[in-house]
Structures are given as C-alpha cells and as structure tokens.
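Each chain, written out:
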Amino acid sequence: MPEKRPPKNMLFIMSDEHNADFMGCAGHSQVQTPTLDRLAARGTLFDSAYTNCPICVPARASFATGRYVHDCGYWDNADPYDGKVQGWGHRLQAQGHKVISIGKLHYRSTDDANGFDEEIIPLNVVDGIGDLIGLIRDDTPERKAVRNMAADVGRGESTYTGYDRDIAAEAARWLQEHGRTQDKPWCLFVSFVCPHFPLIAPEEFYDLYDESTVEMPQLYDMAERPDHPYYQAFKTVMAYDKYFDEATVRRAIVAYMGMISFLDANIAQVLSALDAADLTDETRVIYTSDHGEALGKRGFWGKSTMFEESARIPLIMAGPDIAQGQRVATPVTLVDSHPTILACVGAKPDAADSELPGRSLFDIADKEHDDRVAFSEYHAAGSSTANYMIRKGRYKLVAFVGMPSQLFDLEADPDETTDLAGDPTHAETVALLEAELRLICDPEAVDRQARADQQTTIEKHGGREAILSRGDFGYSPAPGQTASFSS
C-alpha cells in the first residue's frame with residue numbers, strides 16, 4: 001500500500017444479484033439509491049467490475065480465496081466453500097486482525113474454518129449440500145422452481161426482507177459495541193440478500209415506482225433474443241420467461257427497483273452507525289455484489305450468463321485517501337478484493353498467495369491500466385458446456401467449449417447486440433483474446449475437470465434420478481426457514 005494510505009478498518013458490504021446499471025450514480029433514470037450515490041460521490045466508482053462466476057456459490061468462493069473458480073475448485077451451487085482453500089480472512093486472522101461476518105455467506109457450514117472469528121446470523125447452502133440439480137448438465141430437464149420467480153412478484157414482505165433488516169441491525173450493533181474496541185484495524189463483512197429474488201419489495205419501496213411507466217426490458221422481443229446454440233439450450237432449462245406476461249414483467253421490474261431502494265436504506269443504517277461510532281474517518285468502505293441480474297433483458301431472468309447485465313457488478317470504494325467522485329474504467333473482478341482488504345488494514349501478503357491474480361483496487365484506482373484483463377467462467381446450472389469471459393479494453397470475448405465464440409465491442413455496442421466473432425476484420429482481436437484466455441487456463445481441460453468433479457458428487461448423492469426426485473428449491477432460505485422443494 002502506498003505510504004499515503006495508512007492502515008484503516010475495512011467495512012465490506014456485499015449484496016446479492018445487483019445489476020450494476022441499477023443505481024442513480026450509474027446513470028439509471030428511475031431507481032432511487034441516495035446512499036450509494038453519496039458513497040460514490042465521496043469515493044470511486046469502478047465502471048467495469050465483474051464477477052468471477054455469475055452464480056452465487058462459486059462467485060463467493062472466488063471472493064473468499066482470491067482465486068479463480070478453476071483454481072479453487074468450487075464449481076457450482078452444490079460445491080460450497082468449506083475453508084480448505086485459505087483466503088483473505090485467514091490471512092487477517094493470522095496477523096491478529098478481527099474478522100467478522102454478518103449475513104449471507106452461502107458457504108458449507110459455520111463448523112468450517114471459513115476465515116472469520118465470528119459468523120453472525122449466517123445463511124449457508126441448504127443442508128450443507130446446496131443445489132444438486134445444477135450438477136446435471138447433460139439432457140437437463142426444465143428447472144421446476146423457475147415458475148416461482150413469476151409467481152412470487154410484487155409488493156409485500158418476504159423472509160429475505162426480514163433477514164436483511166436483521167443484518168442491518170446486527171451490523172449497526174457490532175459497530176456501536178465493538179468498532180472502537182479492537183487493537184488493530186478490523187474487517188467487517190456485511191452481506192445482504194436483496195435484491196435476490198423472490199422479487200417482493202416492502203410496500204414503501206415498491207410504491208416509489210409506477211408499473212404503468214416502467215420500461216419493458218431491452219431486447220425482449222423474440223426477434224431480438226440471442227440465437228447462439230448455448231443460449232438456446234440454456235433457456236430450455238432456466239425457462240423463467242415462459243411464466244411471465246407483460247403485467248408480471250412490469251411488476252417484477254418495479255419490485256426489483258424497490259428491493260434495491262430497500263437495500264440502499266439498509267446500507268444507510270449501517271453507514272449511519274459507522275458515523276455515530278465516530279469510525280467514518282478510520283474506515284474504508286467497499287460496496288459490491290456477487291453477480292448481476294438479467295431482469296428480463298433478452299428474455300433471461302436471474303444470472304448465469306456472460307452478458308453485461310449478469311456478469312458485471314457494482315463496485316464503489318470510499319473512505320480516507322480514496323479519490324472522491326472518480327470513475328475508473330479499468331476492468332476489475334471480485335478476486336481483486338483479496339489484496340485490497342489486506343492492504344486496507346495493513347496486513348502483509350502471504351508467500352503462498354504470490355501467484356494470485358488479483359491486484360489492489362487502491363493501485364488500480366491510482367492509474368488506468370489499459371492492458372488489464374477481467375476473467376469470469378461458468379460451469380454451473382443450465383450450462384451445456386463451459387463458458388469463459390475475457391474483457392480487455394473495449395472488447396469482450398465469450399468463449400464456449402465446443403461452440404462458436406462471441407465478440408462484442410462494448411464501446412460501440414454496450415448492449416451486446418452485434419456478435420463480431422465471425423467478422424474477418426475482427427479475427428485478430430478474437431485470436432488475441434483467445435490467447436489471453438489460454439494464458440489463464442486450458443478451457444477444455446477445465447471443462448473436463450469440472451464435469452468429472454460434478455459427476456463424483458452426483459454419484460455420492462445417489463445418481464441422477466435420486467437428485468431429480470429430491471426436487472428443486474429455487475433459492476436458499478433465510479436462517480430459521482426451511483427450503484421449499486418443487487419436483
């Protein structure tokens with residue numbers, strides 16, 4: 001860390017499934033996020049931040065370890081992080097820094113050494129096992145729980161809204177009671193669930209928006225939807241849009257915006273507690289999400305694709321010695337959190353982490369890095385084959401094992417409507433980005449390893465038919481609740 005940045009506390013706030021465009025500070029014309037807007041105004045907004053995997057469990061494992069999914073080996077939502085691959089939390093603990101989590105982890109169990117001194121009201125995967133159906137990637141039937149996304153839409157309360165209120169209250173309590181009692185800079189990880197579906201927003205936040213004036217999703221017309229063979233297969237498994245009509249789409253968008261405003265209010269409660277404890281000047285704050293949300297764009301709902309609405313994430317960093325009102329175009333990902341957290345609190349890097357791919361966000365914010373690559377990969381639910389994303393400069397490559405690649409010019413075509421991969425004038429760009437991919441991993445070998453590991457897990461749980469008969473629960477329940485299976 002540069003000398004101008006002495007060690008400070010780290011308050012790391014994560015949400016679940018927040019589309020990076022849905023913030024006032026990102027230019028959205030309707031969604032109200034006054035807290036996040038103020039945070040960005042007094043800090044730095046990273047415009048090209050990405051998840052390392054657009055689904056919860058692997059994304060959070062990459063975040064925890066600072067390693068790509070194929071390196072840490074947590075492939076899907078039935079392969080939860082168990083602490084065996086040590087990450088930033090373990091490094092801080094070893095050097096005497098207090099490390100606390102409050103809220104959603106989506107790990108295997110609190111019995112594991114996950115890198116926290118205390119896990120307060122954690123949410124982990126169902127039964128310590130998770131989403132077994134997502135392991136089945138060949139001849140995959142439609143997910144039964146997909147119909148619930150359209151059914152559970154509108155104004156009201158859900159177990160997640162109640163849970164997020166508890167998370168905000170516990171975070172405020174910890175800051176007030178313990179924030180000034182530590183001998184060394186601490187790291188508090190506060191992890192909300194909203195705006196993850198069910199798309200149900202508390203009344204006061206739902207009513208901020210009008211169903212009659214909300215715009216329908218972009219590229220929603222059937223003629224505009226992608227015809228790539230990967231997405232044709234994907235939508236037969238994750239067939240969410242099959243259950244939406246126009247009225248439900250509008251309610252879903254209003255509810256999603258309401259949930260983001262609800263999230264914003266909960267973050268405000270946490271930051272107010274930080275200020276009330278006189279810790280604002282001693283604490284750096286990062287806000288991000290584990291992945292995005294398609295919200296009907298291209299006819300997709302949820303995450304699990306490499307399109308910007310799913311793979312890109314919000315990322316704001318603020319606090320002492322952070323440039324105010326700055327926007328950074330350099331691509332970054334969740335693995336950059338590992339060196340950033342260590343640098344923030346003044347912890348020394350471990351020799352075992354010398355080859356980690358991440359770089360401190362402090363260093364990236366100081367200077368644009370035109371040659372930097374953002375990498376993401378997906379081997380989970382609905383994927384007929386492995387797919388990988390390489391973002392470098394204005395271009396983004398999406399590579400599929402056994403299927404044609406896609407290339408998008410995000411500067412000229414931010415909505416990714418024109419695939420340039422087959423254009424001879426862009427052949428050199430495709431080749432260069434494919435070479436970047438192969439510097440990171442062997443795509444085919446990684447695909448084989450993921451499938452082999454997944455097959456081992458399938459057999460461990462009785463085989464394909466036993467897993468299908470277990471049913472599909474859609475999303476992990478809040479603490480104290482029981483998963484509802486559809487079969």
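Everything that follows concerns the structure shown earlier in this document.
Residues numbered from 1 in each chain as written. Predicted model: local features only at pLDDT ≥ 70, side-chain atom pairs only at ≥ 80, totals over all residues. Heavy atoms only, no water.

A. Local environment of the sheet that holds strand S5 (residues 118-123). Spatial strand order, S5-S4-S7-S1-S9-S10-S2-S11: 8 strands in an open sheet with mixed pairing. In the strand order of this sheet, the two ends are held by S5 and strand S11 (326-328), each with one partner. Ignoring which end each strand starts from, the neighbouring axes of this sheet average 15 degrees apart. Of the strand pairs in this sheet, strand S2 (residues 43-46) and strand S10 (residues 315-318) are connected by 3 bridges, and their pairing is antiparallel. Looking at S10, one finds that threonine 44 is bridged to methionine 317. Against the sheet, helix H9 (residues 246-276) touches strand S1 (9-15) and strand S9 (283-289), its axis set at about 170 degrees to S1. Contacting S1, strand S7 (187-191), S9 and S10, helix H11 (residues 337-345) crosses the sheet at an angle of about 150 degrees to S1. (Pairing = 2+ DSSP bridges. Helix = DSSP H or I, 4+ residues; strand = E, 2+ residues; numbered from the N terminus. Axes fitted to C-alpha atoms, helices over the stretch in contact; angles between N-to-C directions. Contact = heavy atoms within 4.5 Å.)

B. Representation of the packing of aromatic side chains. Applying the stated rule across the entire model yields 26 aromatic pairs. Ring geometry for tryptophan 88 versus phenylalanine 116: centroids 6.0 Å apart, planes at 85 degrees, classification edge-to-face. A residue pair is termed long-range when its members are at least 10 positions apart, and tryptophan 88 in helix H4 (residues 88-94) and phenylalanine 116 in the loop between strand S4 (99-104) and S5 qualify at 28 residues. Judged by its relative accessible area of 2%, tryptophan 88 falls in the buried class. For phenylalanine 116, a relative accessible area of 10% translates into the label buried. (Phe/Tyr/Trp six-rings, centres within 6.5 Å; stacked < 30°, edge-to-face > 60°. Buried < 20%, exposed > 50% of the residue type's maximum accessible area, 1.4 Å probe, protein only.)

C. Summary view of the sheet that holds strand S13 (residues 373-378). One open sheet accounts for 4 strands, arranged S13-S14-S15-S16; its pairing is antiparallel. Strands at the two margins of the open sheet, each flanked by one partner only, are S13 and strand S16 (403-409). Strand-to-strand, the axes of this sheet are offset by a mean angle of 15 degrees, without reference to chain direction. Where helix H8 (residues 229-237) meets the sheet, its contacts fall on S13, strand S14 (387-392), strand S15 (395-400) and S16, and the angle it forms with S16 comes to roughly 100 degrees.

D. Inspection of helix H2 (residues 56-65) at higher detail. The buried fraction of H2 amounts to 10 of the 10 residues, a majority that puts the element mostly inside the structure. Within the span of H2, buried status applies to Cys56, Val57, Pro58, Ala59, Arg60, Ala61, Ser62, Phe63, Ala64 and Thr65. Tucked into the core, H2 has its buried residues touching S1, helix H3 (69-72), H4, S4, S7 and H11. Looking at the residues trailing H2, positive phi occurs at glycine 66, about 75 degrees.

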